[in-house]
Amino acid sequence: MKISRRSIVRQALACGFAVVILAIAPTALLAQSGKPKMATEIPQEITTPDSVETRLGTLKFFDGMPDEATVEKVYDNLDFMRGVEVFLNAMPGASLYAVRKGLHSIGVDNQTVAVFETLMDSKSLYLTANTETVYLFGWIDLKNGPMVIETPPNILAFVDDFWFHYVTDMGNAGPDKGKGGKFLIVPPGYKGEIPEGYFVAHSPTFGNWLFARGFLVDGDTKPATENFNKLWRQYPLADAVNPPETKFVNASGKAFNTIHANNIRFYDEINTIVQEEPNEALDPETLGLLASIGIEKGKRFAPDERMTKILAEAAAVGNATARSILAANRDKAFYLYPNSYWEVGFLGGSHEFLMGGARNLDARTRMFYYATGITPAMAMKMVGVGSQYAANFRDSQGDYLDGGKTYKLNIPANPPVKTFWSIVVYDGQTRSMLQTDQQFPSIGSQSKGLQANPDGSVDLYFGPTAPAGKESNWVQTVSGKSWNTLLRLYGPLEPWFDKSWKPGDFEEVVN
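In this text, all values refer to a predicted model and were calculated from it rather than measured experimentally. (Residues numbered from 1 in each chain as written. Predicted model: local features only at pLDDT ≥ 70, side-chain atom pairs only at ≥ 80, totals over all residues. Heavy atoms only, no water.)

Caption draft 1: Quick peek at the overall build of the protein chain. Secondary structure summary: the protein chain contains ten helices and 24 strands in total. Over its C-alpha trace the protein chain gives a radius of gyration of 31 Å, far above what one expects of a compact globule, namely 24 Å for 511 residues. Overall size of the protein chain, expressed as C-alpha extent along the three principal axes, is 115 × 70 × 40 Å. Counting only residues that meet the buried cut, the protein chain has 47% of its 511 residues in that class. Across the protein chain, the fraction of contacts at a sequence separation of at least 24, relative to all contacts at a separation of at least 6, is 72%. Entry remark: accessible area of the protein chain is about 25500 Å², with carbon and sulfur atoms responsible for 53%. Across the protein chain, the mean location of the 48 positive side-chain charges is 5 Å away from that of the 56 negative side-chain charges. (Helix = DSSP H or I, 4+ residues; strand = E, 2+ residues; numbered from the N terminus. Rg over C-alpha atoms; globule rule 2.2 N^0.38 Å. Buried < 20%, exposed > 50% of the residue type's maximum accessible area, 1.4 Å probe, protein only. Contact = heavy atoms within 4.5 Å. Areas by Shrake-Rupley, 256 points an atom, 1.4 Å probe, with all protein chains shown as cover. Lys, Arg positive; Asp, Glu negative; His and termini not counted. Charge placed at Lys NZ, Arg CZ, Asp CG, Glu CD.)

Caption draft 2: The nonpolar core, seen in detail. Counting 92 residues, the largest nonpolar core has Phe-137, Trp-209, Tyr-267, Ile-270, Leu-460 and Phe-462 as its most contacted members. Take this core: its biggest share by element is eight residues, from helix H8 (residues 305–327). Among the nonpolar cores identified, the runner-up in size contains 24 residues, and Val-134, Ala-157, Ala-201 and Ala-212 belong to it. (Core = buried A, V, L, I, M, F, W, Y, C linked by side-chain atoms within 4.5 Å.)

Caption draft 3: Structural view of the environment of Asn-250. By secondary structure assignment, the location of Asn-250 is in strand E13 (residues 247–250). Note: C-alpha distance between Asn-250 and Val-113 (137 residues apart in sequence) is 8.8 Å. In this structure Asn-250 touches Val-115, Phe-116 and Glu-117, once residues within four positions along its chain are discounted. A distance of 3.2 Å separates a polar atom in the side chain of Asn-250 from the backbone nitrogen of Ser-252. (Polar contact = N/O pair within 3.5 Å; in protein donor to acceptor, adjacent residues only side chain to side chain.)

Caption draft 4: Quick look at the packing of helix H3 (residues 68–89) against H8. Between H3 and H8, the least distance of the axes is 8 Å, while the angle of their chain directions is 45 degrees. Overall, the two elements H3 and H8 adopt an arrangement that is oblique. Considering how the two elements wind past one another, H3 and H8 form a crossing that is right-handed. Note on element contacts: H8 touches H3 through Arg-306, Met-307, Ile-310, Leu-311, Glu-313, Ala-314, Ala-315, Val-317, Gly-318, Asn-319, Thr-321 and Ala-322, opposite Tyr-75, Asp-76, Asp-79, Phe-80, Gly-83, Val-84, Phe-87 and Leu-88. For the contact of H3 with H8, the residue count by class is twelve nonpolar, four polar and four charged. (Axes fitted to C-alpha atoms, helices over the stretch in contact; angles between N-to-C directions. Parallel < 35°, antiparallel > 145°, perpendicular 65-115°, else oblique. Left-handed = near helix turned anticlockwise from the far one by under 90°. Nonpolar A, V, L, I, M, F, W, Y, C, P; charged D, E, K, R; others polar.)

Caption draft 5: Structural detail: the side chain of Asn-473. In this structure, Asn-473 sits in the loop between strand E21 (458–463) and strand E22 (474–476). Side-chain polar atoms of Asn-473 contact the backbone oxygen of Asp-459, separated by 2.9 Å.

Caption draft 6: Focus on the pattern of salt bridges. On inspection of all chains with the given rule, the structure shows seven salt bridges. For Lys-299, the salt bridge goes to Glu-296, with nearest N and O atoms at 3.5 Å. Judged by its relative accessible area of 32%, Glu-296 is partly exposed. In this structure, Lys-381 engages Glu-494 in a salt bridge whose closest nitrogen and oxygen atoms are separated by 3.3 Å. (Salt bridge = Lys/Arg side-chain N within 4 Å of Asp/Glu carboxyl O.)

Caption draft 7: Examining the pairing of strand E18 (residues 407–411) more closely. Only one face of E18 is covered, namely the face carrying Tyr-407, Leu-409 and Ile-411; the face carrying Lys-408 and Asn-410 is uncovered. Two strands pair when backbone bridges link them, and E18 and strand E24 (residues 507–508) are joined in this way by two bridges, in the antiparallel orientation. Its bridge partner lying in E24, Tyr-407 is registered against Glu-508. (Pairing = 2+ DSSP bridges.)

Caption draft 8: Molecular detail of the packing of aromatic side chains. Scanning the model with the defined rule gives 29 aromatic pairs in all. Relative to Phe-162, the ring of Trp-139 lies with its centre 4.9 Å away and its plane at 70 degrees, an arrangement referred to as edge-to-face. Linking Trp-139 in strand E5 (residues 133–141) with Phe-162 in the loop between strand E7 (156–161) and strand E8 (166–171), this pair joins segments that are 23 residues apart in sequence. Since its relative accessible area comes to 3%, Trp-139 is described here as buried. What links up through ring pairs into an aromatic cluster is the set Phe-116, Tyr-126, Tyr-135, Phe-137, Phe-158, Phe-164, Trp-209, Phe-211, Phe-256, Phe-346, Phe-353 and Phe-368. Taking the ring centre of Tyr-369 as reference, the NZ or CZ of Arg-431 above it sits at 3.8 Å. Here the basic side chain of Lys-502 rests over the ring of Tyr-337, its NZ or CZ set 5.2 Å away from the ring centre. (Phe/Tyr/Trp six-rings, centres within 6.5 Å; stacked < 30°, edge-to-face > 60°. Lys NZ or Arg CZ within 6 Å of the ring centre and 35° of its normal.)

So this is what it looks like as structure tokens:
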């Protein structure tokens, strides 16, 4: 005889077993059918096993639900990953935070610029500067309104915003075409009238870095310095009728730091910019990344003990990642020649590091960890104009360049330059000029007494002491320190671009 489900429930209620019977009744029915009526085949790849082995250890689940230990592990890892991503992706801002701090320390402000009247030397901690042009650095603060910049002729100059985005070129690559002119830098949200007679550039940030280079004449810095001192002017637009005096600080030989932190202080540097600048200066994705680790405009950045520990490790790994991308890059596109360790100075189809519509993230990290300055001109092929760069971190055997060893580098005859070439040696730690007994750790075609070989090539030597008779062709290095170098070609010619001319490799000299 069939007993209906309703009868079972009625009898159970009479006996006080309703809860038990109701709990087991569906199970009994499922047992009869084997599976739910709506059940389908579930692809294995969309499910999560109860136990998963990962680099975080064993992650455990109850039918897809993570247990408490797993949740703790993955959130620690998520915060760590985002901390590393912030280090790599927000690095351009941290770099300019340090530049501003360094410039302020020597007296630079809206009315004062720094000019390296007798060139920059190794006392200044600055990423991969050269020793062949006269630098002018400034920091423009637009919080009180637009700033006017009057530029002299025959310079290379540009303005970048606080996140290291390009704002405008000035000088030989600018709209004044090297003749000099009046530029007006306009702040975000400005509603006032824009007068005529200026080259106008709008910046998305209030803080802006100003960079200019003047050129030596027969090895003399005075013409470039006088060009800046006589004709460079900057002042608020509001004071254009009666502009205040522009002051100049001679920064040559001054010891100051412009390099961002590689530890947890890095995140404080980024937070400072976020608090000072409009959110609109960054894209929502980056703002969200910063907010995910506690950096958010209008809010105090105060990581707790757990987050402080995570961010300290994230900064360490981010720094190690940047150094690996710089000195041991796995992308073969960075290398200039087969079987050689010379690398391009800048890799990217544009100053935004876009290649085929995608941003090359490693190229951007490498650039900002090693150098400064963003302008479209850096991505252009300009025969006979501007400059080109080649970087090297290794000897001919693939070993890092060691300051305790002596190396020879051959520069073949007829270097493809319209003006001159040079090599500057940099410290592996600071990426700034290597500090030795020499004021300028560099050598080039303009160096006095440079000895050439009978075939027109030049042998250069790098080591703790100069080989006998080669003092004029020698750059000093320091035992116990790594070093690297940039080969610069000013006014590069076609044989550089078509690679029919190539520098030699660093060959260890064994006595």
